[in-house]
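In case you want the letters, here they are:
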Amino acid sequence: MEWVTALNKVIGFIEKNLKARISAADCAREAAISEFHLQRGFRIITGFSLGEYVRNRRLYEAAIEVADTDRSILDIALDYQYETAESFTKAFRRFHGSTPSQVRSAGAGQFASLVVFFLPAAVSIHVTGGSAVDYEVVSLKGFTVIGFEREFSFEDSYSQIPKFWDEVWGAPFKRLWDGKKPETDVEKAVVENRIGEFGVCIDDVGGGKFRYLIAGAYKGGGIPAGMVTFDVPAGGWAKFRARGALPDSLQKVNTFVFREWLPGNPDWDAAGWCSIEWYSDGEPDSADYQSEIWIPVKKRQ
């Protein structure tokens, strides 16, 4: 399915189910795309995570009901998937800056000054053609990576994954960065497998979460405690090259992929359930640092 059409189908599905329990997995099934690509693309194009968007739409529609009906606050809260009036009021005030009771008592004339308007999104992308982003589609043989793994929520992964890198790349391996020889099995694995060359996102967990590996190409041998391996599948992969300091350079390429390349490409669709970040040697904050994003793709029918 064409990318923009898929996102608009998700938005329509959300609108029909604001008062029902829906998950990112439900939305992905509705649009026939992977949850991982949906979550990533939705955030880049709309500026909101999928969960944020659903919450904001519910709170706006709930504000209308609070102002225009005499239904109890609890009934409205339950309709919009809040378990108690208290949790609803807390979320309502955090989003709108006012409480449900304030909105109800103020009257129609003051509604606009007490609530944040959040109307349904409409995704429409104008693809201008041509781009300075360098990419190629290649047939990649399957290979195995080894590294450190952690699960992340789609909701906060943008802020939490950099902290994971800082945690792994900080004190535990400071002696290696100081030029000393590896001593433990883990230190040897880090050096021998060039761990840190890849960041691998794997969408096979469910429940709004995915796995992320700080990894390198596995050269064989024992797998030290605390480390895991993952088999990267063979197939077609689009490799998008970035040049410049991290994270801005990769973020710009990510934006290009989901705002321009996927909507406007006549030949390829995103496929699979993982993606890869490739990092070169060198200083990540330098202007000429090189990195890549690899996206599995399939030929359009």
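Residues numbered from 1 in each chain as written. Predicted model: local features only at pLDDT ≥ 70, side-chain atom pairs only at ≥ 80, totals over all residues. Heavy atoms only, no water.

Undergrad: How would you summarise the overall build of the protein if you had to cite specific residues and measurements?
TA: On a plain count of helices and strands, the protein comes out with 12 helices and 9 strands. The buried share of the protein, taken over its 301 residues, is 44%. Element-wise, carbon and sulfur atoms account for 51% of the exposed surface of the protein, whose accessible area totals about 15200 Å². Seen as two clouds, the 35 positive and the 41 negative side-chain charges of the protein have centres 0 Å apart. (Helix = DSSP H or I, 4+ residues; strand = E, 2+ residues; numbered from the N terminus. Buried < 20%, exposed > 50% of the residue type's maximum accessible area, 1.4 Å probe, protein only. Areas by Shrake-Rupley, 256 points an atom, 1.4 Å probe, with all protein chains shown as cover. Lys, Arg positive; Asp, Glu negative; His and termini not counted. Charge placed at Lys NZ, Arg CZ, Asp CG, Glu CD.)

Undergrad: Could you give an account of the packing of aromatic side chains, naming the residues involved and the relevant values?
TA: The geometry of an aromatic ring pair is captured by two quantities: the separation of the ring centres and the angle between the planes. Applying the stated criterion to the full structure yields 26 aromatic pairs. Ring centres 6.3 Å apart and planes at 85 degrees place the aromatic pair Phe 152 and Tyr 212 in the edge-to-face group. Of this pair, Phe 152 sits in strand 2 (residues 143-153) while Tyr 212 sits in strand 4 (residues 209-217); the two residues are 60 residues apart in sequence, bridging distant segments of the chain. Note on accessibility: Phe 152 and Tyr 212 belong to one class, buried. Arranged with centres 5.9 Å apart and planes meeting at 75 degrees, the rings of Trp 165 and Trp 169 form a pair that is edge-to-face. Placement of both Trp 165 and Trp 169 in helix 9 (residues 157-169) is noted, with a separation of 4 residues, approximately one turn of the helix. The buried category is assigned to Trp 165, whose relative accessible area is 16%. Exposure remark for Trp 169: the relative accessible area of 26% places this residue in the partly exposed category. Grouped by ring-pair contacts, the aromatic residues Phe 36, Phe 152, Phe 154, Phe 164, Phe 210 and Tyr 212 constitute a single cluster. (Phe/Tyr/Trp six-rings, centres within 6.5 Å; stacked < 30°, edge-to-face > 60°.)

Undergrad: Now, about the packing of helix 4 (residues 50-68) against helix 6 (residues 85-96): what can you tell me, with residues and values included?
TA: Packed helices, taken two at a time, are described by the angle between their axes plus the distance between the axes. At their nearest, the axes of helix 4 and helix 6 sit 10 Å apart, and the two run at 100 degrees to each other. As the angle between them shows, helix 4 and helix 6 are arranged roughly perpendicular. For the pair helix 4 and helix 6, contact is made by Asn 56, Leu 59, Tyr 60, Ala 62 and Ala 63 and by Phe 88, Ala 91, Phe 92, Phe 95 and His 96, respectively. Residues of the contact of helix 4 with helix 6, tallied by class, amount to 8 nonpolar, 2 polar and no charged. (Axes fitted to C-alpha atoms, helices over the stretch in contact; angles between N-to-C directions. Parallel < 35°, antiparallel > 145°, perpendicular 65-115°, else oblique. Contact = heavy atoms within 4.5 Å. Nonpolar A, V, L, I, M, F, W, Y, C, P; charged D, E, K, R; others polar.)

Undergrad: So what's going on with helix 9? Which residues, and what values?
TA: Look at helix 9: 18 Å from first C-alpha to last across 13 residues, which is about the 18 Å you get at 1.5 Å a residue. Buried residues along helix 9 sit in contact with strand 2, strand 3 (198-206), strand 4 and strand 8 (274-279). (Expected span 1.5 Å × (residues − 1).)

Undergrad: An account of the pairing of strand 6 (residues 235-243) is requested, with residue identities and associated values reported.
TA: Of the strand pairs in this sheet, strand 1 (residues 134-140) and strand 6 are connected by 7 bridges, and their pairing is antiparallel. In the sheet register, Glu 136 faces strand 6, and the bridge partner there is Lys 239. Taken together, the 8 bridges between strand 6 and strand 9 (residues 290-299) define a ladder with antiparallel strand orientation. Counted as the bridge partner of Ala 242 is Ser 291 from strand 9. (Pairing = 2+ DSSP bridges.)

Undergrad: Could you give me a rundown of the confidence of the model for the protein, with the residues and numbers involved?
TA: The pLDDT averaged across the protein works out to 89; a share of 96% of its residues lies at or above 70. When pLDDT is averaged over each helix and strand of the protein, the minimum, 78, is found for helix 10 (residues 174-177) and the maximum, 97, for helix 5 (residues 73-79). Segment residues 126-131: pLDDT under 50, and 5 contacts once partners within four positions in sequence are set aside and those in other chains are kept. (pLDDT = per-residue confidence, 0-100.)

Undergrad: Any details on the pairing of strand 9? Residues and values, ideally.
TA: Strand 9 sits mainly inside the fold: 7 of its 10 residues count as buried. One ladder, built from 3 bridges, connects strand 7 (residues 268-270) with strand 9; its direction is antiparallel. Note that in strand 9 the partner of Trp 268 across the bridge is Lys 299. Across 4 bridges, the pairing between strand 8 and strand 9 is antiparallel. Paired with Trp 278 across the bridge in strand 9 is Glu 292.

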